[in-house]
Amino acid sequence: MISNKIKQIMKENHIKAVDVARHLEITPQSLNRKFAKDIWSTQDLISVLDFLGCQLVIEYKPDTKLVFSMDDTKKNI
């Protein structure tokens, strides 16, 4: 589950859930629901990982990676 991995990173870096909720601009209760249901929008996932000092990376083919950043969450107008 994605939520378990996020919690593990938070624990290793001594980051509290309230700080993650504040970063996402949601209530701690809303964050708890995300963890409980393991439901993350792409934008929230990238944002949380960025906040935790991580990146969302997709590896495919030998030596080929796609790295997602906050820029990928912005809509092109």
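All values reported here derive from a predicted model rather than from experimental measurement.

Peer 1: Describe in detail the side chain of lysine 34, supporting the description with residues and values.
Peer 2: Within the element layout of this structure, lysine 34 appears in helix α3 (residues 28-37). The class of lysine 34 is buried, set by a relative accessible area of 17%. Lysine 34 has contacts with Ser3, Ile26, Ile39, Trp40 and Asp44, leaving out every residue within four places of it along the chain.

Peer 1: Give a detailed account of the environment of arginine 33, specifying residues and quantitative values.
Peer 2: Mapped onto the elements, arginine 33 comes out in helix α3. For arginine 33, a relative accessible area of 47% corresponds to the partly exposed category. Measuring from C-alpha to C-alpha, the distance between arginine 33 and arginine 22 comes to 15 Å, with eleven residues separating the pair along the chain. A distance of 3.1 Å separates the side chain of arginine 33 from the side chain of serine 30, its partner in a polar contact.

Criteria and cut-off values
- Residues numbered from 1 in each chain as written.
- Predicted model: local features only at pLDDT ≥ 70, side-chain atom pairs only at ≥ 80, totals over all residues.
- Heavy atoms only, no water.
- Helix = DSSP H or I, 4+ residues; strand = E, 2+ residues; numbered from the N terminus.
- Buried < 20%, exposed > 50% of the residue type's maximum accessible area, 1.4 Å probe, protein only.
- Contact = heavy atoms within 4.5 Å.
- Polar contact = N/O pair within 3.5 Å; in protein donor to acceptor, adjacent residues only side chain to side chain.

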